[in-house]
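# Working through the structure, step by step
For reference, the chains in residue letters:
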Amino acid sequence: MNNDNLKDHIYIRELLQMESNYPDRNEFHEHVKPLLLKMGADKEFLKLVVKRNLDDQGYLNQEWSAYNIPYFLIYETDDFVLKIHLFPPAEKYVPGIAAHAIHHHNNYILTTNAFFGSGYESILFDKKVETDPATLRTKLTVRKQFHQKDWNPSRVEAWEPHIVFLPETLSATLLIWTPERKRATDALRNKGLLKAIKKPLRKAIQVFGLEGAFGIAKGKTFQYYAAPDGNGFMAVEEDVYFAPSRANKGAEMNDKSMQLLFAFIQQADIADLVYMQQRLLKPGLPEYYKKWIQKILNQETIEPVFHQTEINIPQKTYTMEDILHAANSKNSR
C-alpha cells in the first residue's frame with residue numbers, strides 16, 4: 001500500500017525520527033505512547049487517515065473475510081506497522097464474553113491506544129506455556145487483567161498469550177507493531193518475490209531450526225481456550241481454528257466490513273464531506289463502498305455491526321469466568 005499521503009505529516013515525521021533514535025524496541029514502544037495519544041485525539045489527522053485508505057487502490061481492492069480485523073492502515077515500513085483496528089460489540093452486551101481464542105503475536109510487540117468507544121477488557125498470560133502434544137492440554141498462568149481505559153496506552157509483549165473480551169460499544173484502537181528486536185531479515189517480509197514463496201521459505205527455516213534468527217513461529221502455532229471440563233486449557237492449531245473465518249468471505253462480508261468501517265467514521269465524526277462527495281465520483285471505487293459513502297453524505301444513521309459470539313472451539317464460546325477458573329484449576333498449577 002502507498003504511504004505517500006501521510007509521509008510528510010508532522011506525526012509521521014516524528015514517528016520515523018523516534019524509530020531511528022531508539023533502536024531498542026522496548027525503548028521505542030515507551031517513547032511512542034504520547035504520540036499515539038496525540039494521533040487518536042486529533043480528528044483532522046483521523047480524517048486524513050480515512051482519505052489515505054480510500055485513495056489507496058490496494059486497500060480498496062482487497063477481499064475482506066471474517067478473519068480480518070476491520071482496519072485503516074496509517075503507515076508502514078520494514079520496522080513498524082501503524083494502524084487503526086475496530087472492535088464491534090455483541091448484539092446484547094454481557095461482560096466478559098471472549099472475542100476469540102487466547103493467542104500471541106509471535107515476535108511482535110504491540111502498543112495500543114484505545115481512543116474511541118468503551119474499550120475492551122483483556123487478560124495477559126505468562127509466556128511460559130506448557131502443552132501436552134498428545135492431549136493438547138495446556139497450562140497457562142494469568143499475568144495481568146485489565147480494562148483498556150485503566151491502562152492506556154497498553155502493551156502486549158512478543159510471544160505473550162492474551163485474550164480480548166467483547167467491548168460494550170463499538171471501539172477503536174490506534175496501534176503500532178514492531179518485531180521485538182531489529183533483524184537484518186526484517187525487510188524481507190515486504191519483498192514481492194519472498195511474499196510469493198513465503199510458505200516454502202518458512203518451512204525451510206523451520207526445518208533448519210532458524211526460527212529465532214528470522215523471528216517466526218515454530219512449525220505449529222497454537223491458539224488456546226478454557227477446557228470445557230474446567231480443568232486448565234486446551235490448545236488448537238492456529239490453521240484449524242481460523243479455517244472457518246478465513247473461508248467466510250465474498251460479497252456479503254465485503255459489505256459488512258464497509259458497514260462497520262463507515263459506522264465508525266460516522267460515530268467518530270471524521271467524515272470530510274467534501275472529500276467523500278469527490279471520492280464518490282472518481283474512478284476505481286468498488287461498488288460496495290458507494291452506498292455507505294452515500295449514507296454518510298445523506299446523514300443517514302448507519303446501523304451497527306455486531307460481533308459473532310460463536311468461535312471455533314467445542315463449546316462455541318467461553319467467558320472471563322471460565323478462563324479464571326481454568327487458570328486456578330489443578331491442570332494449570
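Residues numbered from 1 in each chain as written. Predicted model: local features only at pLDDT ≥ 70, side-chain atom pairs only at ≥ 80, totals over all residues. Heavy atoms only, no water.

## Notes on the overall build of the protein
Tallying secondary structure elements over the protein gives twelve helices and twelve strands in all. In the protein, which comprises 333 residues, the proportion classed as buried is 49%. Looking at the protein as shown, the accessible area adds up to about 16200 Å², and 52% of this sits on carbon and sulfur atoms. (Helix = DSSP H or I, 4+ residues; strand = E, 2+ residues; numbered from the N terminus. Buried < 20%, exposed > 50% of the residue type's maximum accessible area, 1.4 Å probe, protein only. Areas by Shrake-Rupley, 256 points an atom, 1.4 Å probe, with all protein chains shown as cover.)

## Quick look at the sheet that holds strand 7 (residues 142-147)
Sheets are built from strands that pair by backbone hydrogen bonding, the pairs being arranged parallel or antiparallel. Spatially, 7-4-9 is the arrangement adopted by the three strands of the open sheet, whose pairing is antiparallel. Strand pairing shows two members of the sheet lacking a second neighbour, strand 7 and strand 9 (162-164), which therefore form its edges. Neighbour-to-neighbour, the strand axes of the sheet open up by a mean angle of 10°, direction not taken into account. Sheet topology note: the strand 4 (residues 121-125)/strand 7 ladder contains five bridges and is antiparallel. Residue pairing across strands places Ile 123 opposite Gln 145, the latter belonging to strand 7. This element, helix 12 (residues 320-327), spans strand 4, strand 7 and strand 9 of the sheet and lies at about 20° to strand 4. (Pairing = 2+ DSSP bridges. Axes fitted to C-alpha atoms, helices over the stretch in contact; angles between N-to-C directions. Contact = heavy atoms within 4.5 Å.)

## Examining the nonpolar core
If you look at the biggest cluster of nonpolar residues, it comprises 63 residues, and the most contacted ones within it are Ile 74, Leu 82, Ile 84, Phe 262, Phe 264, Met 276 and Tyr 289. Broken down by element, this core gets its largest block of residues, eight residues, from helix 9 (residues 251-267). Residues within four places of Leu 82 in sequence aside, it is in contact with Ile 12, Leu 15, Leu 36, Met 39, Leu 73, Ile 74, Tyr 75, Leu 174, Leu 175 and Ile 176. If you look at the next biggest cluster of nonpolar residues, it comprises 26 residues, including Ala 101, Phe 242, Ile 311 and Met 320. (Core = buried A, V, L, I, M, F, W, Y, C linked by side-chain atoms within 4.5 Å.)

## Here's the deal with the packing of aromatic side chains
Here the distance between the centres and the angle between the planes together describe a pair of aromatic rings. The tally for this structure, following the rule as stated, stands at 17 aromatic pairs. Taking the centre distance of 5.8 Å and the plane angle of 80° together, the rings of Tyr 59 and Trp 64 count as edge-to-face. The exposure class of Tyr 59 is buried, given its relative accessible area of 1%. A relative accessible area of 0% places Trp 64 in the buried class. Measuring from centroid to centroid gives 5.5 Å for Tyr 59 and Tyr 71, while their planes differ by 85°, and the two rings are edge-to-face. Separated by twelve residues along the polypeptide, Tyr 59 in helix 4 (residues 57-60) and Tyr 71 in strand 1 (residues 71-76) bring together distant segments of the chain. For the residue pair Tyr 59 and Tyr 71, the accessibility class agrees, reading buried in each case. The ring of Tyr 71 is capped by Lys 83, whose NZ or CZ atom sits 4.1 Å from the centre of that ring. Lying across the ring of Trp 151, Lys 144 places its NZ or CZ 4.6 Å from the centre. (Phe/Tyr/Trp six-rings, centres within 6.5 Å; stacked < 30°, edge-to-face > 60°. Lys NZ or Arg CZ within 6 Å of the ring centre and 35° of its normal.)

## Overview of the confidence of the model for the protein
Across the protein, the average pLDDT comes to 91, with 88% of residues at 70 or higher. Considering only residues more than four positions removed or in separate chains, one finds that residues 191-195, a stretch of pLDDT under 50, has four contacts. Predicted confidence for residues 201-207 stays below pLDDT 50, and this span has twelve contacts to residues more than four positions away or in other chains. (pLDDT = per-residue confidence, 0-100.)

## Concerning unusual backbone geometry
Cis geometry marks the peptide bond from Asn 152 to Pro 153, where omega comes out at 0°. Structurally, Pro 153 can be placed in the loop between strand 7 and strand 8 (154-156). With a phi close to 55°, Asp 269 is a non-glycine residue in the positive phi region. By secondary structure assignment, the location of Asp 269 is in the loop between helix 9 and helix 10 (273-281). The backbone of Lys 316 shows a phi angle near 70°, a positive value even though the residue is not glycine. Here Lys 316 shows up in the loop between helix 11 (287-298) and helix 12.

## Some thoughts on helix 11
The end-to-end C-alpha distance of helix 11, which contains twelve residues, comes to 17 Å, matching closely the 16 Å that a straight helix rising 1.5 Å per residue would cover. Along helix 11, the positions that sit buried rather than exposed are Tyr 288, Tyr 289, Trp 292, Ile 293, Ile 296 and Leu 297. Against the buried residues of helix 11 lie helix 3 (43-54), helix 4, helix 9 and helix 10. Positive backbone phi, approximately 60°, marks Gln 299, located one or two places after helix 11. (Expected span 1.5 Å × (residues − 1).)

## Some thoughts on the pairing of strand 2 (residues 81-87)
Of all seven residues in strand 2, seven are buried, a share of seventy percent or more. Of the two faces of strand 2, both are covered, the one formed by Val 81, Lys 83, His 85 and Phe 87 as well as the one formed by Leu 82, Ile 84 and Leu 86. Inspection of the sheet shows strand 1 paired to strand 2 by five bridges, in the antiparallel sense. Bridge pairing in strand 2 links Leu 73 to Lys 83. Counting the residues in the hairpin turn of strand 1 and strand 2 gives four residues. With seven bridges connecting them, strand 2 and strand 10 (residues 171-179) associate as antiparallel partners. Residue His 85 lies in a different strand from strand 10, and its bridge partner there is Thr 173.

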